[in-house]
There are 2 protein chains.
Amino acid sequence: MKAYRELTKQEREAELAACRAEFEEFKAKGLKLDMSRGKPGEDQLDLSQGMLGPLPGYTSPGGVDCRNYGGLEGIKEVKDIFSEILELRPEEVIVGGNSSLSLMYDNVAANMLHGAHGGAPWSKQGDVKFLCPVPGYDRHFSICEYLGVGMIPVPMTPDGPDMDTVEKLAATDPLIKGIWCVPVFSNPDGCVYSDETVLRFAGMKTAADDFRIYWDNAYCVHQFEGGRPVIPNIVRECEKAGHPHRPYVFASFSKVSFSGAGMAAMASSESNCEHIRQRLSMQTIGPDKLNHLRHYYFFKDSKGVYAHMEKMAELVRPKFKAVLDTLESGLGGLEVGKWNSPKGGYFVSFDAPDGCAKRTVALCKEAGVVMTGAGATYPYGKDPRDSNIRIAPTYPSVEQLTTAMQVFCLAIRIAALEQLTMNS
Amino acid sequence: MKAYRELTKQEREAELAACRAEFEEFKAKGLKLDMSRGKPGEDQLDLSQGMLGPLPGYTSPGGVDCRNYGGLEGIKEVKDIFSEILELRPEEVIVGGNSSLSLMYDNVAANMLHGAHGGAPWSKQGDVKFLCPVPGYDRHFSICEYLGVGMIPVPMTPDGPDMDTVEKLAATDPLIKGIWCVPVFSNPDGCVYSDETVLRFAGMKTAADDFRIYWDNAYCVHQFEGGRPVIPNIVRECEKAGHPHRPYVFASFSKVSFSGAGMAAMASSESNCEHIRQRLSMQTIGPDKLNHLRHYYFFKDSKGVYAHMEKMAELVRPKFKAVLDTLESGLGGLEVGKWNSPKGGYFVSFDAPDGCAKRTVALCKEAGVVMTGAGATYPYGKDPRDSNIRIAPTYPSVEQLTTAMQVFCLAIRIAALEQLTMNS
């Protein structure tokens with residue numbers, strides 16, 4: 001098939017009619033498929049089924065009665081697991097409850113009201129802002145929006161955020177207090193930050209003394225093709241560069257064990273962790289240590305986690321393959337979209353022709369296929385080009401995925417052809 | 001024994017010498033007893049041991065796969081349990097994670113930055129303040145201190161906070177945005193708010209439209225003498241009085257099942273809950289539904305909770321009795337302190353002679369008995385009379401408790417005699 005924009009009027013009309021006819025057939029099937037969120041499939045959850053058996057004991061190997069109060073930052077045994085995965089000292093790690101999103105939200109809220117590492121509360125310094133690499137994770141942006149933090153979009157590149165822009169903005173405006181980063185298998189692009197990107201983050205000058213990098217390392221063990229990506233350690237590099245308190249690292253077991261019954265952790269300089277501990281002592285009675293113990297008994301150490309994630313990769317890989325194969329067979333050569341082929345993470349990022357994302361998502365919905373809302377990957381839900389769509393392959397079965405992606409491809413083709421018709 | 005203040009100089013000196021001699025004997029024992037926090041004893045935790053067995057299934061009776069994302073406010077089955085206990089509709093209840101303290105902290109932080117129920121953010125309205133009934137719970141006060149909320153102490157009475165003062169202050173200052181209340185078995189006084197107090201809270205005029213009552217009903221099922229106290233329902237009463245969004249109710253299973261692995265809930269008007277749900281959707285992936293399910297299987301319904309708490313009462317009652325008996329035998333007639341005899345909750349509140357609390361706690365520490373710090377029951381840790389000491393009877397054994405309270409009584413006697421000597 002040749003590129004759509006090269007079709008004659010007649011060819012285009014014929015193609016649009018054909019697409020619409022095929023689309024009507026899908027609509028008639030009454031599909032109900034949800035590809036809107038990065039939810040693990042049931043087969044992935046089954047891998048952790050061993051955690052639902054009886055707890056072998058309630059006292060941790062370190063001697064803590066996990067049924068009672070105490071232990072603001074998690075039991076030693078799971079701090080060790082996160083320390084190994086993040087390659088940090090246990091003193092640099094705090095293990096929390098079941099949600100890394102909560103750790104991030106709390107951190108922004110506390111810095112707004114109390115200040116970062118002894119600094120003045122952000123909310124008293126003026127209208128503070130975060131840099132937001134786009135496309136990005138909608139819930140990062142929602143945190144800012146809810147808490148009154150302004151957002152400045154920064155374009156993503158295959159190597160991470162456009163660092164020229166990041167450096168320029170951070171160096172000039174003291175009200176820019178942070179940036180959201182997903183350094184490994186970014187959401188939704190699936191890119192892995194280059195060494196240079198990480199080093200530039202660590203070394204860059206910022207106009208704000210209390211500038212913070214929110215390093216959401218959600219997918220650091222989620223490769224499904226090739227080896228686990230190793231990038232420079234942001235905590236170590238910031239320390240070396242003389243900005244030890246700059247990074248807050250976040251990690252999560254939501255897609256390792258159970259989504260909602262996992263564990264989340266944050267990491268930073270020892271001194272930053274000490275400030276965070278002070279907050280935690282007022283904010284919470286601490287995380288669920290029995291659930292920590294459950295994780296310890298099941299995984300034992302980082303090797304146990306890596307072995308588990310190998311099994312996970314076997315389940316996830318065919319789903320991504322189904323999405324990518326269907327995109328290729330449905331859209332190859334038509335030049336009506338670009339997409340990535342990630343080696344890990346949870347998403348395929350699709351760039352439709354400008355102005356076609358909302359129409360595509362609406363068409364999918366008509367046919368019973370729920371996609372993440374167009375614009376969701378941009379601050380305030382506003383994609384200026386109306387182009388990016390996030391595809392989440394993990395929850396449906398391969399068969400369902402293939403059907404859903406066939407619908408998606410038809411929707412893209414219809415939207416693109418409609419637009420060509422309007423613009424011709 | 002006659003009252004200490006009626007002793008002659010000679011009698012007083014002899015008594016002080018005798019107390020000190022006895023105290024030295026205790027010091028020689030090298031005690032290590034901790035009565036500083038309201039921690040359940042191991043026997044109490046053992047009552048919930050059945051929750052550590054295998055989970056019978058991961059799908060809730062309502063059909064939710066509790067291993068995956070979804071369900072911001074808890075599974076239906078535990079919402080029902082809290083609804084029954086709080087006598088509210090399920091739509092008025094949100095079940096959270098393991099810590100009601102976190103729910104309270106989050107609520108204050110969000111109202112500071114985002115505003116309450118569509119109102120302007122508190123932090124943008126000026127230097128906002130909370131009313132703080134004293135003596136009260138130190139962690140309530142810490143939340144205010146950390147988040148930059150000023151605190152105005154209000155005296156407690158046997159019927160709850162002094163409502164004349166509360167009404168007067170709340171009616172005149174629009175920057176007074178809230179009040180901390182523990183309506184049933186208050187911390188530390190153990191008092192139960194009278195019907196009149198509750199109705200006055202519901203009906204009072206407040207200068208701030210966005211005034212909120214933080215109704216921390218932590219001990220609503222924790223009676224160990226007599227029946228479960230029933231007080232007017234603050235949510236219903238506020239609704240009737242035309243202030244439906246005024247109360248935030250909090251409840252916790254931290255001292256019902258496991259401390260740190262329990263469940264916490266909040267409740268308010270449906271409309272307030274809707275605002276809170278919007279926040280939760282950005283803040284968290286939701287509570288641990290597998291732990292909710294564990295609680296459902298173990299307790300089934302509110303009747304199961306009440307039956308469980310009857311067993312709990314049997315374990316707790318003798319400990320409070322040991323504390324009260326030792327206080328009576330050690331201090332009766334000396335007129336060097338007043339204390340309450342609560343019928344539920346977690347604390348005995350002791351008022352030493354003015355100026356004696358710090359000295360008493362320091363003496364106890366010398367003898368290896370750790371009490372809650374003097375002043376902890378007041379905002380900023382400052383008890384203006386240096387009088388109140390919170391005693392937490394649940395964690396030590398009856399034998400340990402008796403010893404610790406013997407030390408405490410001697411410390412009080414020494415501190416009081418020292419003061420009489422200084423003032424004479």
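Throughout what follows, the structure given in this document is the object of discussion. The structure displayed is predicted, hence computed values, not measured ones.

Notes on helix H9 (residues 270–283) of chain A
Phase 1: Here H9(A) is 14 residues long and its end C-alpha atoms lie 19 Å apart, about the 20 Å a rise of 1.5 Å per residue gives.
Phase 2: Of the positions making up H9(A), those classed as buried are Asn272(A), Cys273(A), Ile276(A), Arg277(A), Arg279(A), Leu280(A), Met282(A) and Gln283(A).

Here's the deal with the side chain of Glu77(A)
Phase 1: With respect to the helices, strands and loops of the structure, Glu77(A) is situated in helix H3 (residues 76–86).
Phase 2: This buried residue, Glu77(A), is left without a salt bridge; Lys76(A) holds the nearest opposite charge, at 5.7 Å.

A word on the packing of aromatic side chains
Phase 1: On inspection of all chains with the given rule, the structure shows 38 aromatic pairs over all chains.
Phase 2: Relative to Trp180(B), the ring of Phe130(B) has its centre 5.6 Å away and its plane inclined at 50°; by these criteria the two rings are tilted. Of this pair, Phe130(B) sits in strand E3 (residues 129–134) while Trp180(B) sits in strand E6 (residues 176–181); the two residues are 50 residues apart in sequence, bridging distant segments of the chain. This pair shows no difference in class: Phe130(B) is buried, exactly as Trp180(B) is.
Phase 3: Grouped by ring-pair contacts, the aromatic residues Trp122(A), Phe130(A), Trp180(A), Tyr214(A), Tyr248(A) and Phe250(A) constitute a single cluster.
Phase 4: One cation-aromatic arrangement involves Lys39(B) over Tyr395(B); the distance from NZ or CZ to the ring centre is 4.6 Å.
Phase 5: Just above the ring of Tyr346(B) sits the side chain of Lys255(B); from NZ or CZ to the centre is 5.1 Å.

What to know about unusual backbone geometry
Phase 1: Here the residue pair Val134(A) and Pro135(A) is connected by a cis peptide bond, since its omega of -5° sits within 30 degrees of zero.
Phase 2: For the bond running from Asn187(A) to Pro188(A), omega is 5°, close enough to zero to count as cis.
Phase 3: Examined against the element boundaries, Pro188(A) turns out to sit in the loop between strand E6 (176–181) and helix H7 (195–203).
Phase 4: With a phi close to 50°, His117(A) is a non-glycine residue in the positive phi region.
Phase 5: For His117(A), the location among the structural elements is in the loop between helix H4 (100–113) and strand E3 (129–134).
Phase 6: Phi at Asp386(B) takes a positive value of approximately 45°, unusual for a residue other than glycine.

Overview of the interface of chain A and chain B
Phase 1: Taken together, the contact between chain A and chain B spans 55 residues of the former and 55 residues of the latter.
Phase 2: A combined buried area of about 4800 Å² lies between chain A and chain B, and 56% of that area is made up of carbon and sulfur atoms.
Phase 3: At the surface where chain A touches chain B, the tally comes to two salt bridges.
Phase 4: One salt bridge in this structure joins Arg67(A) and Asp46(B), with 2.7 Å as the shortest N-O distance.
Phase 5: The tally of links from chain A across to chain B stands at 22 residue pairs in polar contact (both at pLDDT 80 or more).
Phase 6: When residues of the side of chain A that touches chain B are traced back to their parent elements, those giving at least two are helix H2 (42–46), H4, helix H5 (138–147), H9 and helix H10 (289–299) of chain A.
Phase 7: The element that contributes the greatest number of residues to the side of chain A that touches chain B is H4(A), accounting for eight residues.
Phase 8: Grouping the constituent residues of the side of chain A that touches chain B by class yields 23 nonpolar, 18 polar and 14 charged.

A look at the environment of Glu225(A)
Phase 1: By the element assignment, Glu225(A) lies in the loop between strand E7 (212–216) and helix H8 (234–240).
Phase 2: Aside from chain neighbours lying at most four places away, what touches Glu225(A) is Arg317(A) and Lys343(A).

Notes on the sheet that holds strand E11 (residues 348–351) of chain B
Pairing between sheet strands relies on hydrogen bonds along the backbone, with the strands arranged either parallel or antiparallel.
Residues and elements named next belong to chain B.
Phase 1: With respect to topology, three strands assemble into an open sheet ordered E10-E11-E13, the strand pairing being antiparallel. The outermost strands of the open sheet, each flanked by one partner alone, are strand E10 (338–339) and strand E13 (388–391).
Phase 2: The pairing of E11 with E13 spans four bridges and is classified as antiparallel. By the bridge assignment for E13, valine 348 is matched with isoleucine 391.
Phase 3: Relative to E11, helix H11 (residues 302–331) is tilted by about 20°, and along the sheet it contacts E10, E11 and E13.

Things to note about the relation of the copies chain A and chain B
Phase 1: If you rotate chain A by 180° and push it 0.0 Å along the axis, it lands on chain B with an RMSD of 0.0 Å. Such a turn and shift between the copies fits a two-fold axis. Relative to the rotation axis, the C-alpha of Pro54(A) is the closest in chain A, positioned 2.1 Å from it.

Section: the nonpolar core
Side chains of nonpolar character tend, in soluble globular proteins, to be buried together.
Phase 1: In this structure, Phe201(A) and Phe201(B) are the most contacted members of the largest nonpolar core, which totals 220 residues.
Phase 2: Apart from residues no more than four positions distant in its own chain, Phe201(B) is found in contact with Pro161(B), Met163(B), Val166(B), Ile179(B), Cys181(B), Tyr193(B), Ile213(B), Trp215(B), Ile234(B) and Arg246(B).

Section: the pairing of strand E8 (residues 247–252) of chain A
Residues and elements named next belong to chain A.
Phase 1: Of all the six residues making up E8, six are buried; the element is thus mostly covered by neighbouring parts of the structure.
Phase 2: The side-chain alternation of E8 yields two buried faces, one formed by Pro247, Val249 and Ala251 and the other by Tyr248, Phe250 and Ser252.
Phase 3: As paired strands, E7 and E8 are joined by four bridges and run parallel to one another. Counted as the bridge partner of tryptophan 215 is valine 249 from E8.
Phase 4: Considered for its hand, the β-α-β crossover made up of E7, H8 and E8 is right-handed.
Phase 5: One ladder, built from four bridges, connects E8 with strand E9 (residues 264–267); its direction is antiparallel. In the sheet register, alanine 251 faces E9, and the bridge partner there is alanine 265.

Looking at H4(A)
Residues and elements named next belong to chain A.
Phase 1: Look at H4: 20 Å from first C-alpha to last across 14 residues, which is about the 20 Å you get at 1.5 Å a residue.
Phase 2: Among the 14 residues that make up H4, 14 are buried, leaving the element largely enclosed by the rest of the structure.
Phase 3: Of the residues flanking the end of H4, it is glycine 115, one or two places downstream, whose phi is positive at about 100°.

What about the sheet that holds strand E2 (residues 93–95) of chain B?
All names here are of chain B.
Phase 1: Strands sit in the order E2-E9-E8-E7-E6-E3-E4-E5 across an open sheet of eight strands; the sheet is mixed. Here the strands that pair on one side only, and so sit at the sheet edges, are E2 and strand E5 (160–161).
Phase 2: Bridge analysis of E2 against strand E9 (residues 264–267) gives three bridges, and the strand direction is antiparallel. Across the sheet, the residue bridging to isoleucine 94 is methionine 266, located in E9.

Remarks on the environment of Lys338(B)
Residue and element names in this part refer to chain B.
Phase 1: Structurally, the position occupied by lysine 338 is in strand E10.
Phase 2: The exposure class assigned to lysine 338 is exposed, which follows from its relative accessible area of 62%.
Phase 3: Between the C-alpha atoms of lysine 338 and alanine 352, which are 14 residues apart in sequence, the distance is 6.8 Å.
Phase 4: Apart from the residues lying within four places of it in its own chain, the contact partners of lysine 338 are Ser349, Phe350 and Asp351.

Conventions and cut-offs
- Every chain's residues receive numbers from 1 upward, in the order its sequence appears when written.
- All chains are assigned letters beginning at A, and all ligands numbers beginning at 1, according to the order in which they are written.
- Local features are withheld for residues below a pLDDT of 70 in this predicted model, meaning they are given only at 70 or higher, and side-chain atom pairs are given and counted only at 80 or more; totals for whole chains, interfaces and linings count all residues.
- Side-chain descriptors were evaluated using all non-hydrogen atoms of the structure, hydrogens and water having been removed beforehand.
- Comment: elements are numbered from the N terminus, with helices defined as DSSP H or I runs of at least four residues and strands as E runs of at least two.
- A helix is expected to span 1.5 Å multiplied by its residue count minus one.
- Partly exposed describes any residue whose relative accessible area lies between the buried limit of under 20% and the exposed limit of over 50%, with all areas from a 1.4 Å probe on protein chains only and scaled to the type maximum.
- Charge assignment: positive for Lys and Arg, negative for Asp and Glu; neither His nor the chain ends contribute.
- Here, a salt bridge means any Lys or Arg side-chain nitrogen found within 4 Å of an Asp or Glu carboxyl oxygen.
- Within 6.5 Å between ring centres, the rings of Phe, Tyr and Trp (the latter by its six-membered ring) count as paired, and their orientation is classed by plane angle as stacked under 30 degrees, edge-to-face over 60, tilted in between.
- Whether a charge sits over a ring depends on NZ of Lys or CZ of Arg being within 6 Å of the ring centre and within 35 degrees of the ring normal.
- In what follows, residue pairs with any heavy atoms lying within 4.5 Å of each other are defined as contacts.
- Buried area counts how much accessible surface, traced with a 1.4 Å probe, disappears from two parts once they are put together, with both parts' losses summed.
- The term polar contact refers here to a pair of N or O atoms within 3.5 Å; inside protein, the definition further demands a hydrogen-donor-capable atom paired with an acceptor-capable atom, and it admits residues adjacent in sequence only when both atoms are side-chain atoms.
- Residues were grouped as follows: Ala, Val, Leu, Ile, Met, Phe, Trp, Tyr, Cys and Pro as nonpolar; Asp, Glu, Lys and Arg as charged; and all remaining residues, including Gly, as polar.
- When DSSP finds two or more bridges between a pair of strands, those strands are recorded as paired.
- Every axis corresponds to a line fitted to the C-alpha atoms, with the helix fit spanning only the stretch in contact, and the corresponding angles, defined between N-to-C directions, vary from 0 to 180 degrees.
- We superpose the copies by least squares over the C-alpha atoms of residues that have a pLDDT of at least 70 in both of them.
- Throughout this description, the term nonpolar core refers to a set of buried Ala, Val, Leu, Ile, Met, Phe, Trp, Tyr and Cys residues connected via side-chain atoms within 4.5 Å.
- The path from the first strand over the helix to the second decides the hand: if it runs clockwise while the strands point away from the viewer, the crossover is right-handed.

Honestly, it's all geometry; don't read function into it.
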